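A structural walkthrough
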Amino acid sequence: MRPMRLAVVVVAVLAAGMTALLARNWLAAQKAAPVPQAVAMAEVLVAARDLPAGTVLQAQDMRYDRWPASAVPAKLIARHAGDDPRGRFVGQVSRREMVDGEPVTTQALRQNSSGMLAGMLGNGMRAVSVAISNTSAAAGFITPGDRVDVVLAADLVRTEGNNGATQSGPMVRYAAETVLTDVKVLAIDQSATRSRDGGAVEGKTATLEVTPKQAELLAAASMLGSLSLALRSADAADGAQQSKAATPFTTDTEASRALDALHHARPKPAQVQGGAQVMVNRAGQISAQTFGR
């Protein structure tokens, strides 16, 4: 046999032997590799579509999604063999908006379905409506689900029936103050959901979620003057901010520097020796009365 042919044969034999050795080692490694264990799965009850706040749930509004059993917390509703918990939630009302695929929980629902708005209220809360306009409700950009402050603007001369003079002398006719802070808007007119495109929602009434005491404050404030809604930031930290103003209200003299200057330019009431001078209003007739010390 020629040397060249012999060399080729030897190389071929070595290559075949090496291939066989590698194949045997690979098969041995595959046999020794641990077999992966099957992951236990659970069927979790979720929303089958986007559900606006106040939706009365039907069976087709819910479905079951498969989740790893180890990732299912106790508060979620899982289906077990021979059980269909979906039927227990038919007829309940969603307290807030839910998105497709969101787990259904008892915290997001309310059993009483006698009224849509009643189902959206938290425990112990009340729904109160106030009159609004585009001017008093951020041009219609306040929508259901937003958080607002309620600001009262009052005519002190009209409400007090006097000339608005304070103890120090200057006249204060108009004043504004925040009577409620961080309250939730439940509905604008008859709509309890946001518009699909996120646009403005115009209406004549806004329904707010308040405590019983806040409901009384709103009723009294609505008789004193006009109410406006101030839209709060979506930042959760905004709710913890407190006003650092010297007074919890704002007067007309603070809003107008010219009016403030006019008031300071007025002569101070003359001091009467031996007594105090008081301005008395009798059926519109103003007179000065002196009282002894």
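In this text the structure is predicted, and so the values were computed from the model without any measurement.

Examining the packing of aromatic side chains
According to the stated counting rule, one finds 0 aromatic pairs in the structure shown. Here the basic side chain of Arg-79 rests over the ring of Tyr-64, its NZ or CZ set 4.0 Å away from the ring centre.

Some words on the nonpolar core
Judged by nonpolar contacts, the single largest core of 21 residues is most densely connected at Val-130, Val-150, Leu-208, Val-210, Leu-218 and Leu-229. Those elements that place two or more of their residues in this core are β6 (126-131), β7 (147-155), β8 (174-188), β9 (205-210), α5 (212-224) and β10 (225-231). With 4 residues, β8 is the single largest residue contributor to this core. Setting aside residues no more than four positions away along its own chain, Val-130 makes contact with Lys-204, Thr-205, Ala-206, Leu-208, Leu-218, Leu-227 and Leu-229. Core analysis: the next-biggest nonpolar cluster, separate from the first, contains 12 residues, Tyr-64, Phe-89, Val-104 and Leu-109 among them.

A word on the confidence of the model for the protein chain
In this model, the protein chain carries an average pLDDT of 77, and 73% of its residues clear a pLDDT of 70 or more. Note on residues 164-170: pLDDT under 50 across the span, and 8 contacts to partners over four residues away in sequence or across chains.

Some points on the sheet that holds strand β2 (residues 62-68)
In space, the 3 strands of this open sheet follow the order β2-β1-β3, with antiparallel pairing throughout. If you trace the sheet from one side to the other, it starts and ends with β2 and β3 (78-79), each paired once. As defined by bridge partners, strand β1 (residues 41-47) adjoins β2 across 7 bridges and the pair is classed as antiparallel. Looking at β2, one finds that Val-44 is bridged to Asp-65.

Brief notes about α5
An ideal rise of 1.5 Å per residue puts 18 Å on 13 residues; α5 measures up with 19 Å between its terminal C-alpha atoms. Where α5 is buried, its residues contact β6, β7, β8, β9 and β10.

Focus on the pattern of salt bridges
Under the criterion given, the structure shown has 9 salt bridges. A salt bridge links Glu-102 to Arg-96, with the shortest nitrogen-to-oxygen separation between them at 2.8 Å. Exposure remark for Arg-96: the relative accessible area of 36% places this residue in the partly exposed category. Of the charged contacts in the structure, one is a salt bridge between Asp-149 and Arg-232, with a shortest N-O distance of 2.6 Å. Of this pair, Asp-149 sits in strand β7 while Arg-232 sits in the loop between β10 and β11 (249-251), placing them 83 residues apart in sequence. The class for Asp-149 is buried, based on a relative accessible area of 15%. Taking the relative accessible area as the measure of exposure, Arg-232 reaches 15% and is therefore buried.

Side note on the environment of Leu-51
Residue placement: Leu-51 occurs in the loop between β1 and β2. Judged by its relative accessible area of 1%, Leu-51 is buried. In this structure the C-alpha to C-alpha distance between Leu-51 and Asp-100, which are 49 residues apart in sequence, comes to 7.6 Å. Here Leu-51 is in contact with Leu-57, Asp-61, Arg-96, Glu-97 and Met-98, once residues within four sequence places are set aside.

Here's the deal with unusual backbone geometry
The backbone of Asp-182 shows a phi angle near 55°, a positive value even though the residue is not glycine. Topologically, Asp-182 is positioned in strand β8. Residue Asp-182 is classed as partly exposed on the basis of its relative accessible area, which comes to 29%.

Here's the deal with the side chain of Thr-55
Structurally, Thr-55 can be placed in the loop between β1 and β2. Here the side chain of Thr-55 touches Pro-52 through a polar contact of 2.6 Å, landing on its backbone oxygen. In contact with Thr-55, not counting residues within four places along its chain, are Arg-49, Asp-61, Gln-92, Val-93 and Ser-94.

Examining the pairing of β7
Pairing between β7 and β8: 8 bridges, direction antiparallel. Residue pairing across strands places Val-148 opposite Val-183, the latter belonging to β8. Of the strand pairs in this sheet, β7 and β10 are connected by 7 bridges, and their pairing is antiparallel. If you follow Val-151 over to β10, its bridge partner there is Ser-228.

The rules behind each value
- Residues numbered from 1 in each chain as written.
- Predicted model: local features only at pLDDT ≥ 70, side-chain atom pairs only at ≥ 80, totals over all residues.
- Heavy atoms only, no water.
- Phe/Tyr/Trp six-rings, centres within 6.5 Å; stacked < 30°, edge-to-face > 60°.
- Lys NZ or Arg CZ within 6 Å of the ring centre and 35° of its normal.
- Core = buried A, V, L, I, M, F, W, Y, C linked by side-chain atoms within 4.5 Å.
- Buried < 20%, exposed > 50% of the residue type's maximum accessible area, 1.4 Å probe, protein only.
- Helix = DSSP H or I, 4+ residues; strand = E, 2+ residues; numbered from the N terminus.
- Contact = heavy atoms within 4.5 Å.
- pLDDT = per-residue confidence, 0-100.
- Pairing = 2+ DSSP bridges.
- Expected span 1.5 Å × (residues − 1).
- Salt bridge = Lys/Arg side-chain N within 4 Å of Asp/Glu carboxyl O.
- Polar contact = N/O pair within 3.5 Å; in protein donor to acceptor, adjacent residues only side chain to side chain.

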